[in-house]
Amino acid sequence: MEQVNGDTLAAARKVIAVHINYPSRAAQRGRTPAQPSYFLKPSSSLALGGSPVERPAGCELLGYEGEIALVIGKAARRVSIEDAWNHVAAVTASNDLGVYDLRYADKGSNLRSKGGDGFTPVGPALIPADAVDPAKLRIRTWHNGDLVQDDTTGDLLFPFARLVADLSQLLTLEEGDIILTGTPAGASVAKPGDVLEVEVGTIDGGLSTGRLVTTVEEGTTAFADFGARPKVDDLQREEAYGSREAAGLAAVGPVLTPELKAKLESVATATLSSQMRKRGLNNVSIDGLQATRPDRRVVGLARTLRYVPNREDLFKTHGGGFNAQKKAIDSVNEGEILVMEARGEKGTGTVGDILALRAQVRGAAAIITDGGVRDYSAVADLEMPTYFANPHPAVLGRRHIPWDTDITIACGGATVQPGDIIVADSDGILVIPPAIADELVEDCIQQEKEETFIFEMVKQGNSVDGLYPMNSEWQAKYNEWAGTNE
C-alpha cells in the first residue's frame, strides 16, 4: 500500500472534520445530531506519522481523538450518496488533536483550539477506497500502550458516503482534500511524554494502515499578551477527558451514598410519603402503574426520557437510528432508574424486551414508564423491575416519537428531574428531592421507631387515645422505652 508522505499533505487544500458521528460518542456527549455538522482545520495542521506534537505552553488539556480520514481522489460537486464513494481515493488513520484551553475563544469554528501546527497527524499507509467496504472498518487508539478506543463503522450516524455527498452540495471537494469522519467514545487527554497511536483497518484484519504514532512534547514559547490566552474550567476538563470521574473531578449534584441508599431502603414508602407531606410536598408520587417485580424495592437516581406525540414527518428524522430512546437506554448507569414520560398513553409500547435487557445489563435499577410495555412476558422475566401502565403489542412509532433525554419530565402525574431520588415498591413510587433526602430519611427512621413503640403498646391492650399520636405522658414512656431498645 502507498505510504502517506509530503506529497499527500501538500495535495490537501482543506481538511474538514465532523463533530459527532459515532453512537458511542453521541451517548457520551449526551446529544445526537439529526444532521452532520462540520468544522475546518487548516492544511498546516497536517503532519506525518512519527512527528511529535507540541502541547502549547500554558495549556493543560491537549485532547486526542482517533479518527478515520477520507482522502478525496477526484473532485466532487453535488454528487449523490450512491456515487459519493467513487470520489474517495483512500482511507487512512488520523488523530484530531486540539487544546480545550482555547475552546472558549472560538467555540464552533475550533480554529484556535484545533488548528495548531501538527494537530492533524495522518498515516502511515493509505488503504485504497475501492478495496474496502466503508461500513466494515475498524478504528483503534492506544494511549501509552493502553487500548482506549475500539469501534467500527457499522452503525455510524452518518455513513461516509453521506458525508461526501452532503459536503459536496455546498462546496467542491477537491483532489487531495481530507475529511475526518468523527471519533468514538474513549477520547481523552494526553500530556507531554505520552505516546498516542491510531490504527485503521478492515474488521477482518486483512488491511491496515499500520499505527500512526504521535509523541506529545511540552511547548516552551508562551502566548503573546494580545489575543486569547489559555483558560480552562471543570466543564472543559470533563469534556476533554470524557467524564468528571476520568478528569479526577468530584461528582456534581446529588450523590446517593451507600449509607443514604440503605436508609431509604429500610423505611416504608408510606413513611416517606408522610414525612414529605409534612414538608408541604403532596405531588411527589408517580401514580397508576403496575410492576413486573412487585416483590422488589428499588432506590436510585433518576435519568429521564421524553416522548412526544407521533407526527410522521418528525418520526422520520427522530425515530430511527440511534434515537433518544436508544441513547437513554445505552447511557443509563449502574443503580440509576430510567423514567419515561409517555403522557399516560397506553395505546403502544414504550420499551420492549431487548432494550429492557440492555438497561439491565448496564446495571439499571429499574425502568418506569407511564406508557405501555411490549414483549411483556420477556420483560417480566428480567431481574430488573419495570413499572408500566399496561402491556401493549404495538411498536413505539404508533403513538410516540423519542425526543430528548435528561430533562425535566412528567410521569404518572409527577414531575421528575434528572438526579431526583426514586423510591419504588409494591406500595407506590415516590420522587424525593435530593436536597432533603438526608434529613427526610432520619425523620422517617425516627417516625418508624415511634410507630413500633405505639404498635407494641396497642398490642398490650392500650387504647390509642393519647397514644396515637402520643401525648406528653406517652412521650415520656416512649423516651424511656427508646433508651433501652436502640
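Relevant structure appears above.
Since we're looking at a predicted model, the values are computed, not measured.

J.: Honestly, the overall build of the protein in this entry has me stumped. Any pointers?
T.: Counting its regular elements, the protein contains 15 helices and 29 strands. C-alpha extents for the protein along the principal axes are approximately 95 × 55 × 40 Å. Every one of the 486 residues in the protein was classed for burial, and the buried ones make up 49%. Contacts in the protein between residues at least 24 apart in sequence constitute 77% of all its contacts with a sequence separation of at least 6. For the protein, the computed accessible surface area is about 21800 Å², with 50% contributed by carbon and sulfur atoms. Distance from the positive charge centre (48 side chains) to the negative charge centre (67 side chains) of the protein: 4 Å.

J.: Even after reading the chapter, I still don't get the packing of aromatic side chains, so can you show me in this structure?
T.: Each aromatic ring pair is characterised by the separation of its centres together with the angle its planes make. Under the definition given, this model contains 6 aromatic pairs. Ring geometry for Y376 against F388: centres 5.5 Å apart, planes inclined by 50°, an arrangement best described as tilted. Residue Y376 is located in helix α13 (residues 376–380), and its partner F388 is located in strand β23 (residues 386–388); the two are separated by 12 residues in the primary sequence. Using a relative accessible area of 32% as the deciding quantity, one classes Y376 as partly exposed.

J.: Looking at this structure, I do not really get the packing of helix α8 (residues 258–266) against helix α14 (residues 437–459). What am I missing?
T.: In helix packing, the relevant descriptors are the interaxial angle and the interaxial distance, both defined with respect to the helix axes. At a minimum axis separation of 10 Å, α8 and α14 run at an interaxial angle of 40°. Looking at the two axes, α8 sits oblique to α14. Between α8 and α14 lies a crossing whose hand is left-handed. Seen from α8, the contacting residues are L260, K263, L264 and S266; seen from α14, they are A437, D438, V441, E442, I445 and E448. Here the contact of α8 with α14 is built from residues that sort into 5 nonpolar, 1 polar and 4 charged.

J.: Explain the packing of helix α11 (residues 324–331) against helix α12 (residues 353–361) here, please?
T.: Remark: α11 packs on α12, axes separated minimally by 8 Å, with the N-to-C direction vectors making an angle of 30°. When the interaxial angle is binned, α11 and α12 end up roughly parallel. The residues of α12 that touch α11, namely those facing Q325, K326, I329 and D330, are L355, R358 and A359. Across the contact of α11 with α12, the residue classes break down as 3 nonpolar, 1 polar and 3 charged.

J.: Teacher, can you tell me more about helix α6 (residues 160–168) here?
T.: Side chains three or four residues apart in an α-helix point the same way, a direct result of the helix having 3.6 residues per turn. In terms of residue burial, α6 counts as a mostly covered element, since 7 of its 9 residues are buried. Within α6, burial applies to F160, A161, L163, V164, A165, L167 and S168.

J.: Just checking my understanding: could you explain the sheet that holds strand β2 (residues 38–41) for this structure?
T.: Strands in a sheet are paired, the pairing made by backbone hydrogen bonds, and the direction either parallel or antiparallel. Judged by pairing direction, the sheet is mixed, and its 7 strands sit side by side in the order β2-β1-β12-β6-β7-β9-β3 without closing on themselves. Among the strands making up the open sheet, the edge pair consists of β2 and β3 (46–48). Neighbour-to-neighbour, the strand axes of this sheet turn through a mean angle of 35°, independent of strand direction. In terms of strand pairing, β3 meets strand β9 (residues 120–128) through 3 bridges, oriented parallel.

J.: What is the right way to look at a nonpolar patch on the surface in this model?
T.: Nonpolar side chains collect at one region of the surface, where V458, V464 and Y468 lie side by side and expose about 280 Å² of accessible area between them. You can see V464 is positioned in the loop between α14 and α15 (472–484). On the basis of relative accessible area, V464 is assigned to the partly exposed category, the value being 44%.

J.: Help me understand the nonpolar core in this model?
T.: A general trend in soluble globular proteins is that nonpolar side chains are found buried together. The biggest cluster of nonpolar side chains holds 36 residues, and the ones touching the most others in it are I68, L70, W85, F160 and L173. Top contributing element to this core by residue count: α6, with 6 residues. Contact partners of L173, with chain neighbours within four places excluded, come to K14, I16, I72, K74, A75, A76, V164, L167, S168 and I179. In this structure, L305, Y307, M340 and L382 belong to the second largest nonpolar core, which totals 21 residues.

J.: Would you explain the layout of surface pockets in this entry?
T.: Empty space among the atoms can be located by rolling a probe the size of a water molecule over them. The computed volume of the second largest pocket comes to approximately 400 Å³. Lining the second largest pocket we find 22 residues, and of these T32, P33, A34, T317 and G320 sit closest to its centre. Secondary-structure elements contributing two or more residues to the lining of the second largest pocket are α10 (312–318), α11 and β25 (400–405). Take the lining of the second largest pocket: its biggest share by element is 4 residues, from β25. Its residues assigned to classes, the lining of the second largest pocket shows 9 nonpolar, 8 polar and 5 charged.

J.: Explain unusual backbone geometry to me, please; I cannot follow it from the model alone.
T.: In most cases, non-glycine residues show a negative phi, while peptide bonds are predominantly trans. That bond from G123 to P124 is cis: its omega, 0°, falls within 30 degrees of zero. Turning to its location among the elements, P124 is positioned in strand β9. Following Y468, the chain continues into P469 via a peptide bond in cis, with omega recorded as 5°. Locating P469 in the fold gives a position in the loop between α14 and α15. Phi is positive for R78, close to 55°, though the residue is something other than glycine. Within the secondary structure layout, R78 lies in the loop between β6 (66–72) and α3 (81–84).

J.: What is the right way to read the pattern of salt bridges from this model?
T.: Two side chains that carry opposite charge are able to pair once their charged atoms sit near each other. Enumeration according to the criterion identifies 32 salt bridges in this entry. One salt bridge connects E473 with K477, and the closest N-O pair in it is separated by 3.7 Å. Placement of the pair is E473 and K477 together in helix α15, with a separation of 4 residues, close to one helical turn. On the accessibility criterion, E473 (52% relative accessible area) is exposed. Accessibility expressed as a relative area gives 37% for K477, which makes it partly exposed. Shared partners join several salt bridges into a network, and the residues in it are R25, K41, E65, D96 and K114.

So, how was this worked out
- Residues numbered from 1 in each chain as written.
- Predicted model: local features only at pLDDT ≥ 70, side-chain atom pairs only at ≥ 80, totals over all residues.
- Heavy atoms only, no water.
- Helix = DSSP H or I, 4+ residues; strand = E, 2+ residues; numbered from the N terminus.
- Buried < 20%, exposed > 50% of the residue type's maximum accessible area, 1.4 Å probe, protein only.
- Contact = heavy atoms within 4.5 Å.
- Areas by Shrake-Rupley, 256 points an atom, 1.4 Å probe, with all protein chains shown as cover.
- Lys, Arg positive; Asp, Glu negative; His and termini not counted.
- Charge placed at Lys NZ, Arg CZ, Asp CG, Glu CD.
- Phe/Tyr/Trp six-rings, centres within 6.5 Å; stacked < 30°, edge-to-face > 60°.
- Axes fitted to C-alpha atoms, helices over the stretch in contact; angles between N-to-C directions.
- Parallel < 35°, antiparallel > 145°, perpendicular 65-115°, else oblique.
- Left-handed = near helix turned anticlockwise from the far one by under 90°.
- Nonpolar A, V, L, I, M, F, W, Y, C, P; charged D, E, K, R; others polar.
- Pairing = 2+ DSSP bridges.
- Patch = residues over 30% accessible without salt bridge, like charges linked within 9 Å, V, L, I, M, F, W, Y side chains within 5 Å.
- Salt bridge = Lys/Arg side-chain N within 4 Å of Asp/Glu carboxyl O.
- Core = buried A, V, L, I, M, F, W, Y, C linked by side-chain atoms within 4.5 Å.
- 1 Å grid on protein atoms, 1.4 Å probe; cavity = no way out; pocket = protein on both sides within 12 Å on 5 of 7 lines; lining within 4 Å.
- Points joined across faces, edges and corners; volume = space filled by probe spheres on them.

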